[in-house]
There are 8 protein chains.
Amino acid sequence: MATNDREEPNLGFAQVDVDRLPRTGDPETVYGAGKTAEQIIEILQHLRRAHPHRAALATRIAVNDMDQICAALDAEQCSRDDVAAAVLVGPVPTARGRVGIISAGTSDATVAAEARLTVIAHGSNAERINDVGVAGLHRILAAQHRLDEFDCLIVIAGMEGALPSVVGGLTGTPIVAVPTSVGYGASFGGLAALLGMLNSCAPGVVVVNIDNGYGAAVHAARVARSSDPRSRDQGRAL
Amino acid sequence: MATNDREEPNLGFAQVDVDRLPRTGDPETVYGAGKTAEQIIEILQHLRRAHPHRAALATRIAVNDMDQICAALDAEQCSRDDVAAAVLVGPVPTARGRVGIISAGTSDATVAAEARLTVIAHGSNAERINDVGVAGLHRILAAQHRLDEFDCLIVIAGMEGALPSVVGGLTGTPIVAVPTSVGYGASFGGLAALLGMLNSCAPGVVVVNIDNGYGAAVHAARVARSSDPRSRDQGRAL
Amino acid sequence: MATNDREEPNLGFAQVDVDRLPRTGDPETVYGAGKTAEQIIEILQHLRRAHPHRAALATRIAVNDMDQICAALDAEQCSRDDVAAAVLVGPVPTARGRVGIISAGTSDATVAAEARLTVIAHGSNAERINDVGVAGLHRILAAQHRLDEFDCLIVIAGMEGALPSVVGGLTGTPIVAVPTSVGYGASFGGLAALLGMLNSCAPGVVVVNIDNGYGAAVHAARVARSSDPRSRDQGRAL
Amino acid sequence: MATNDREEPNLGFAQVDVDRLPRTGDPETVYGAGKTAEQIIEILQHLRRAHPHRAALATRIAVNDMDQICAALDAEQCSRDDVAAAVLVGPVPTARGRVGIISAGTSDATVAAEARLTVIAHGSNAERINDVGVAGLHRILAAQHRLDEFDCLIVIAGMEGALPSVVGGLTGTPIVAVPTSVGYGASFGGLAALLGMLNSCAPGVVVVNIDNGYGAAVHAARVARSSDPRSRDQGRAL
Amino acid sequence: MATNDREEPNLGFAQVDVDRLPRTGDPETVYGAGKTAEQIIEILQHLRRAHPHRAALATRIAVNDMDQICAALDAEQCSRDDVAAAVLVGPVPTARGRVGIISAGTSDATVAAEARLTVIAHGSNAERINDVGVAGLHRILAAQHRLDEFDCLIVIAGMEGALPSVVGGLTGTPIVAVPTSVGYGASFGGLAALLGMLNSCAPGVVVVNIDNGYGAAVHAARVARSSDPRSRDQGRAL
Amino acid sequence: MATNDREEPNLGFAQVDVDRLPRTGDPETVYGAGKTAEQIIEILQHLRRAHPHRAALATRIAVNDMDQICAALDAEQCSRDDVAAAVLVGPVPTARGRVGIISAGTSDATVAAEARLTVIAHGSNAERINDVGVAGLHRILAAQHRLDEFDCLIVIAGMEGALPSVVGGLTGTPIVAVPTSVGYGASFGGLAALLGMLNSCAPGVVVVNIDNGYGAAVHAARVARSSDPRSRDQGRAL
Amino acid sequence: MATNDREEPNLGFAQVDVDRLPRTGDPETVYGAGKTAEQIIEILQHLRRAHPHRAALATRIAVNDMDQICAALDAEQCSRDDVAAAVLVGPVPTARGRVGIISAGTSDATVAAEARLTVIAHGSNAERINDVGVAGLHRILAAQHRLDEFDCLIVIAGMEGALPSVVGGLTGTPIVAVPTSVGYGASFGGLAALLGMLNSCAPGVVVVNIDNGYGAAVHAARVARSSDPRSRDQGRAL
Amino acid sequence: MATNDREEPNLGFAQVDVDRLPRTGDPETVYGAGKTAEQIIEILQHLRRAHPHRAALATRIAVNDMDQICAALDAEQCSRDDVAAAVLVGPVPTARGRVGIISAGTSDATVAAEARLTVIAHGSNAERINDVGVAGLHRILAAQHRLDEFDCLIVIAGMEGALPSVVGGLTGTPIVAVPTSVGYGASFGGLAALLGMLNSCAPGVVVVNIDNGYGAAVHAARVARSSDPRSRDQGRAL
């Protein structure tokens, strides 16, 4: 006598909220952690059928599953990013606005790559500025002139998480800070960077969960795709 | 023999960064906590002289000092908000864009008021939607139709901090969540609300420090004043 | 010379409190974590002999041990739930009252399944309402009319753990909240959800340990099996 | 120029959700912490007018405000409890079911008194068993025979919070545990008791926030007032 | 060119403090965690040569290394305890005094076994009372008459760690409490039990680190081997 | 209508467990924190009547209440300690055994004084060794020869709490460590000292709650008054 | 009968370790927190007598006690710093080496002042660079050319504590970072800054306790007064 | 269509800041954790080409990769330390000054070895004093006469981390404390040792992150290589 009552529809193992697009303007995303390749493929195919004109995103895929998932999908429509361990399937919307993705160190590359693909999936342009951690200040200063050219900035750092404070003092562009779990000992899995960013002395820095490149990108893409390009051209002064 | 070496300029007790306006487009703000009425007055007057065409803001003023500070300033140019314990002095910039400030309970009023005055100081319009905590869901649902009309939302809640997740499921407008220290026991001074917001299941929710209505407003005003009004009219769908 | 003094009875490796049934009305449960398949089988058989008229429950069984354990037991009397990794052996008592088990996301399925089997083992009926997380509010609202039909509700959520607060605003049915370890980063293994539920703004929400579907079900079944069915029919108003 | 926009209705300083009674069957409660006597009086009078046939409750009143508040209300309808610093105004519903309130030490008296008045306000009977902490086990054992006579138990303890585990081993009556902030040093304001209760080895113990006698009572009264008296008479065995 | 400067004596990989016996009266103990079987054997042999008349103890040995280590040592002098993953080699001193080792649940068996062998190594008698957790109070009450017969008690419990408080109310015998890492979720690796024991309402309960059966046993054996047997016979009253 | 149901016996405000002396051999102690002078006096008088031949102890008395309390009690039988803010009333039992109380710094004096009076009340001798913190190692080394002369040692330290580890390396006498809240910043109210002592590299160090001089003394006095004086004379070696 | 046994020498209320100067080369310092003006005066006079040729330092004096303490001491030899709430009495040693004290904001002035006076007391020169927080990066960049001129740097910051990382990228001079308790909410009393500094991505940053300007200065002065001036002149390159 | 945009130079997987040497005088170090053997080899070769006259350091190499890495490098110029899991490649600068590396226990050997190789790479001499933990005080006392002969001390300890406090009381040489993750239970991965060292009662102790032998060595080498040898010869007294 089996009592397992999970008599759910075909995709019973996952919540597929196909109503989210009209409600919020954002595509549904498959959070791949803990899901098998088969499950991810099935959900992506379901989402593709529900919204054929809009790409679906899958993040945090097990590295070993990337090939199988991409092979099962329409290759022409499939953008994969192996550093991010993420895949985007279907027609990407016309990009509006510009999001700058700034990362402190090479260890933050995974989070930055996830943010980049998510920005694209959410309808904005993404450009990366890498390896500009505060211990070599000349690097971020060399990029300073570019900071005002974006509609929103995503600033990613682990360890002490100081980069958003420094960037925040150099520009009036809205900033989303992403703490990463890069570090050891008293970093406590990214807690040090998280607390640092929440206490930033630069006004207006907002923060997302540790390693949450996806969440930062959703916010940044929303901001960028609604921005008036003239506000960027005029500088940030009122 | 006194060895106190603090031979600093007149406002030596406070850091007055009059260069911040051209660099970031934002006015300088006096963080009043721990400062005397005399110090706050002196800094505000200094900022008024440096930037006569742009209002200066002072927040977290001791309640008992509000009258003295406002009396010392030019009454015609002085906007005070006693709930926020904040004051705005000088000509406010022409407002662009719209920021919605949504608060869960009456105890969050202080933070909401600080956010409102800060949005105004940073050049955007602020409208409040009060007392729509999730324990009485009909209240936020009654305001649902208004959520898409804003360029950015500030969502304020203490205790479990669930309101941003609910609002995030109802609209694609960018959301800044502010946890407040309202609560007791296992709220640990707002930590419960902070962690809740950082782990929001609604994508794209970004977070600021506990009770930091000011920081949320700086970010939201930057977003709103750069928004293209048409993006608001078209709904959030791409 | 071996000095191991564990001269205990046959089941020395486990505490078998066969006196618990008359004392509390509840069956003994084998907490399977850290036990071998052989140990679990032996305890279950011992409990079956001690109380032939009442089913015994084993939870948190290693996935790979499920087949071996069920094969060793009387198949006709054995209810297994592979999602819960739990098994119920023996005659189930006649169910009294109704427990609703509400879960926020698919990742909470393990906890919900453990709760369901435990409710059955403790003499009440269990019905599940799945995937009604607060980021898509229409889902829980669609189920609102059912909430008053239960004698007790178990509400399960990870991440920010907001669902019990929302449900608590929609019904007067007693609610037991279960935080799950679903999440990452600042969820700190379920701590964020736990704190959120303990600080719920909906009055009367009670909480159990992280992932403790079993404990919530014991409480809920006790409440439901003692409920007067008329109180359910009359609605919650006094 | 004053910019304070709080042009709210008369009770703008407080959220008065007069719709809660039909929705959940529970009366509205005024959480008095941080409110003036005048505010509490005004809200209570408003609630009395909205629901003349149902008593309203105010908790966590400043000790010095108790006299003023009670003097302003109709004395015949006003039940005050000075230990709880709470007041109940208006006709109390006919009590159904029985809630037992068990406290470990005299320092827990405030929480126990708040729980008692809240149970009454929510339509059940409340009886207290005081000073039965586990360091003198004979005391709770002397009360053991009474434990099965209740429909729900509220068990209150500070310090290590062990009492619910002991009570949970003696009866099958549903138990709500309340940790209190009684203690010092490594009690961390009640955290030790909270964690202890969440990890109780007695199955089915559910927990509320530190010092939250009110929340425990709302849950317990809901359970007790819906209980079938016969389940109590038959003992807990199925 | 190798620069590794660890030119230490033969046992350079381990600190062998052969002076500890005369200084404190206690034997040296090898903390086996992180050491290879070969290293443990070598240290034990070294200690045996230094103090041929006194047994040496090795704890926290990898389970798979137990056979190899015992095979390498003089079988007649070797006491092994596989539950404790510990071994005692050499002549055990004549035992003085009596230590009672009380454990709450079967999962605490490892810690209790480590405590037992350590007590023996440190010159006292050890007797165990198992599986007397507070959720089934009749079990510890059944053993109550024995509590006064010991010179020191070691009380071991995980989860909420309530057992020492209950035992502390039943006897005046000195009590050392050992929290264990048994539990999950909000037990935080034994933190809940540790905090509970530190806040015990029973006076005089002292505590050691999580899972530290060794440390508790060293203290208890010191107390017991110096006790006057008459104090035990006279009961605890002064 | 007053509903306050606290119809308790005369001393209803406090738990007076006069049965504790025969059960554990220890006197009842009044924990004075949060109690009025009148309440403390009444309890002490009650305890004096219940056990005229045994002194009662009151600790953590408000400094300003010391005079009033001592004036109300029989002066000849009243030992007061103003540093400890504690008082002992009635005939002290004949002291057996010796407890050494070692404190690191002058700021630990309050805890040391509480421990001293408690040891006396519990029937042992107390001697203090003050101001021997590890930053001036010559001080504790100068007292080293005395360490073996005690039956139990109480070692008190704040800040990093290193003193018990050092003392534990110098003697085999049983040691109870007391962390104090002396410190600031990352001492987190004594947490640093508490964790340090729990992780002591000296075997056999047992620990009590922060600032809990009372608890350490109860344990130490129990150990000392049961010790065989010959074990002290023979040194610690087996 | 008074039992207070504190029969200590004249300065029994404080530990006066007059041996510290020859042992470590550092003067004794009176930690004034929790001491009365009379006690501080007495200790300082005692230290002056013991070491007439070396100044003694007192820190963390209550603001209201500064006048009384300085009046009681030899005015010609007394250096007071009211911002630091500290006083230095007696002949200051000839300064060797140079310590730079860099602070992020005006709120850090107290800690910076304590560090400055402590450096002087410990025999080195102190120069301050104020208000160079990272949110206005031009300020620290303007001081960059001076950083190599010091033998040791003390870098002080609250909130996110990012300044040491930035300074650490600009110079090879040894850096001691001091986190301050400046901040609110998720700064948790300076914890955020402390963790940030411990996780600094700039190599070689060492850290002291929150607000511990004194400790940083002792270390920095030791480094500076032993430095070879030529190493400063040659730059930091090897 | 692959969208991976990481079009970086050859060493795109790692940040190679070849400008650091002239800016700070320190060599670049490869933090090997999470890098493949191939990546580490490539970076080291790149650094060797950029600075042929200065050795490059790689730390935290996977144990299994040590042989492959050393085989790929010029054997004559390659110093490997297998305990540290680190390698130094290229000509080491002429050592100036002396750094003493003191470790408490054998488990701290990894951190001590990393510190030793880092000191050499940064241009100073390193000498180790091993296994002098405070539980056997005679060991550090035997080395006391050597403490003043160093220009800087690195003191390494896990568990309670008391050794820096003891060393700090014996010498005036600057001390850098390194907490290690050695311990279990309430050591919380080195947190106990970290907090202990931050709260050291010995003045002037500075601290680095848990297990951060590298960071301590960078600071210590900077201090030592700039020290005037005469300051060492004269003792520490001013």
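Note that the structure is a prediction, hence the values are computed from the model and not measured.

Participant: Summarise the overall build of chain A; cite the residues concerned and give the values.
Facilitator: Helix and strand content of chain A: 10 helices and 9 strands. Pairs at least 24 apart in sequence give 70% of the contacts found in chain A among residues at least 6 apart.

Participant: Now, about the environment of P203 of chain H: what can you tell me, with residues and values included?
Facilitator: Inspection of the secondary structure puts P203 of chain H in the loop between α8 (191–198) and β9 (205–207). Here P203 of chain H falls in the buried class, since its relative accessible area comes to 16%. Sequence separation between P203 of chain H and A135 of chain H is 68 residues, and the spatial gap between their C-alpha atoms is 22 Å. Leaving out residues up to four positions away in the same chain, P203 of chain H has contacts with R20, Y214, V218 and R222 of chain G.

Participant: So what's going on with the domain arrangement of chain A? Residues and values would help.
Facilitator: Residues and elements named next belong to chain A. Segmentation of chain A into domains returns domain 1 (20–89) and domain 2 (98–229). A separation of 24 Å is found between the C-alpha centroids of domain 1 and domain 2. The interface is formed by 17 residues belonging to domain 1 together with 16 residues belonging to domain 2. A combined buried area of about 1200 Å² lies between domain 1 and domain 2, and 55% of that area is made up of carbon and sulfur atoms. For the pair domain 1 and domain 2, the number of links is 4 salt bridges. Between R225 and D26 there is a salt bridge, with the nearest N and O atoms lying 3.3 Å from each other. Here domain 1 and domain 2 share 7 residue pairs in polar contact (both at pLDDT 80 or more) between them. For the side of domain 1 that touches domain 2, the secondary-structure elements that each account for two or more residues are α1 (20–24), β2 (56–59), β3 (78–81) and β4 (86–89). For the side of domain 1 that touches domain 2, the element with the highest residue contribution is β4, accounting for 3 residues. Broken down by class, the residue content of the side of domain 1 that touches domain 2 amounts to 7 nonpolar, 5 polar and 5 charged.

Participant: Before we move on, could you go through the confidence of the model for chain A and cite the residues and values that matter?
Facilitator: On average, residues of chain A score 89 in pLDDT, and 89% of them are at 70 or above. As scored by the predictor, the complex reaches a pTM of 0.94 and an ipTM of 0.92.

Participant: So what's going on with the relation of the copies chain A and chain B? Which residues, and what values?
Facilitator: Turning chain A through 180° and shifting it by 0.0 Å along the axis lays it on chain B, with an RMSD of 0.0 Å. What we have between these two chains is a two-fold relation. Comparing interface residues between copies, 100% of those in chain A also sit at the interface in chain B, which points to an isologous, same-surface contact.

Participant: Describe the interface of chain A and chain B, and please don't skip the residues or the numbers.
Facilitator: Facing the 43 residues of chain A at the interface are 43 residues of chain B. Interface area, chain A with chain B, both sides summed: about 3500 Å², of which 56% is carbon and sulfur. If you look at where chain A meets chain B, you find 0 salt bridges. Of all the secondary-structure elements, those providing two or more residues to the side of chain A that touches chain B are α1, β8 (175–179), α8 (191–198), β9 (205–207) and α9 (213–225) of chain A. Among the elements that make up the side of chain A that touches chain B, the one with the highest residue count is α9 of chain A (7 residues). Looking at the side of chain A that touches chain B, its residues break down into 17 nonpolar, 18 polar and 8 charged.

Participant: Hey, could you go over the side chain of D131 of chain C for me, with residue numbers and the actual values?
Facilitator: Residue and element names in this part refer to chain C. On the secondary structure map, D131 appears in the loop between β6 (125–129) and α5 (138–142). No salt bridge is formed by the buried D131; its nearest oppositely charged neighbour, R139, is found at 6.3 Å. Polar contacts involving the side chain of D131 include one to the main-chain amide nitrogen of T106, which spans 3.1 Å.

Participant: Can you lay out the side chain of D108 of chain A for me, pointing to particular residues and giving the numbers?
Facilitator: Residues and elements named next belong to chain A. Tracing the backbone through its elements, the reader meets D108 in the loop between β5 (98–103) and α4 (109–121). A polar contact of 3.0 Å, which involves the side chain of D108, links it to the backbone nitrogen of G105. If we skip the residues at most four places from it in the chain, D108 touches S103, I156, A157, G158, T180 and V182.

Participant: Can you explain the sheet that holds strand β3 (residues 78–81) of chain G? Please cite residues and give values.
Facilitator: All names here are of chain G. The 4 strands are arranged β1-β2-β4-β3 in an open sheet whose pairing can be described as mixed. What marks the edges here is a single partner per strand, and that holds for β1 (29–31) and β3. Sheet twist, expressed as the mean angle between neighbouring strand axes with direction ignored, is 15°. The sheet contact formed by strand β2 (residues 56–59) and strand β4 (residues 86–89) spans 3 bridges and is antiparallel. Bridged to L57 within β4 is L88. Its contacts with the sheet place helix α4 (residues 109–121) against β2, β3 and β4, and it is angled at close to 10° to β4.

Participant: Give me the pairing of strand β2 (residues 56–59) of chain B: which residues, what numbers.
Facilitator: Residue and element names in this part refer to chain B. Of the two faces of β2, the one carrying A56 and A58 and the one carrying L57 and T59 are both buried. Strand direction decides the pairing type here: strand β1 (residues 29–31) and β2, joined by 3 bridges, are parallel. Paired with V30 across the two strands is A58, which belongs to β2. The parallel pair β1 and β2, bridged by helix α2 (residues 37–50), forms a crossover whose chirality is right-handed.

Participant: Describe the sheet that holds strand β1 (residues 29–31) of chain C, naming the residues involved and giving the relevant values.
Facilitator: All names here are of chain C. Judged by pairing direction, the sheet is mixed, and its 4 strands sit side by side in the order β1-β2-β4-β3 without closing on themselves. Each having just a single partner strand, β1 and β3 (78–81) make up the two edges of the open sheet. Neighbour-to-neighbour, the strand axes of the sheet open up by a mean angle of 15°, direction not taken into account. In this structure, β3 lies alongside strand β4 (residues 86–89), joined through 4 bridges in antiparallel fashion.

Participant: An account of helix α2 (residues 37–50) of chain H is requested, with residue identities and associated values reported.
Facilitator: Residues and elements named next belong to chain H. When the terminal C-alpha atoms of α2 are compared, their 20 Å separation across 14 residues agrees well with the 20 Å that a helix rising 1.5 Å per residue should span. Taken residue by residue, α2 has A37, I40, I41, I43, L44, L47 and R48 as its buried positions. All buried residues of α2 project into a common sector of 170° when viewed along the axis, lining one side. Those residues of α2 hidden inside the fold are in contact with β1 (29–31), β2 (56–59), α3 (66–72) and β4 (86–89).

Conventions we followed
- Residues numbered from 1 in each chain as written.
- Chains lettered and ligands numbered in written order.
- Predicted model: local features only at pLDDT ≥ 70, side-chain atom pairs only at ≥ 80, totals over all residues.
- Heavy atoms only, no water.
- Helix = DSSP H or I, 4+ residues; strand = E, 2+ residues; numbered from the N terminus.
- Contact = heavy atoms within 4.5 Å.
- Buried < 20%, exposed > 50% of the residue type's maximum accessible area, 1.4 Å probe, protein only.
- Domains from an automatic or database assignment.
- Buried area = accessible area lost by both parts, 1.4 Å probe.
- Salt bridge = Lys/Arg side-chain N within 4 Å of Asp/Glu carboxyl O.
- Polar contact = N/O pair within 3.5 Å; in protein donor to acceptor, adjacent residues only side chain to side chain.
- Nonpolar A, V, L, I, M, F, W, Y, C, P; charged D, E, K, R; others polar.
- pLDDT = per-residue confidence, 0-100.
- Least-squares fit on C-alpha atoms with pLDDT ≥ 70 in both.
- Lys, Arg positive; Asp, Glu negative; His and termini not counted.
- Pairing = 2+ DSSP bridges.
- Axes fitted to C-alpha atoms, helices over the stretch in contact; angles between N-to-C directions.
- Right-handed = clockwise from strand over helix to strand, strands pointing away.
- Expected span 1.5 Å × (residues − 1).
- Arc of directions from axis to C-beta.

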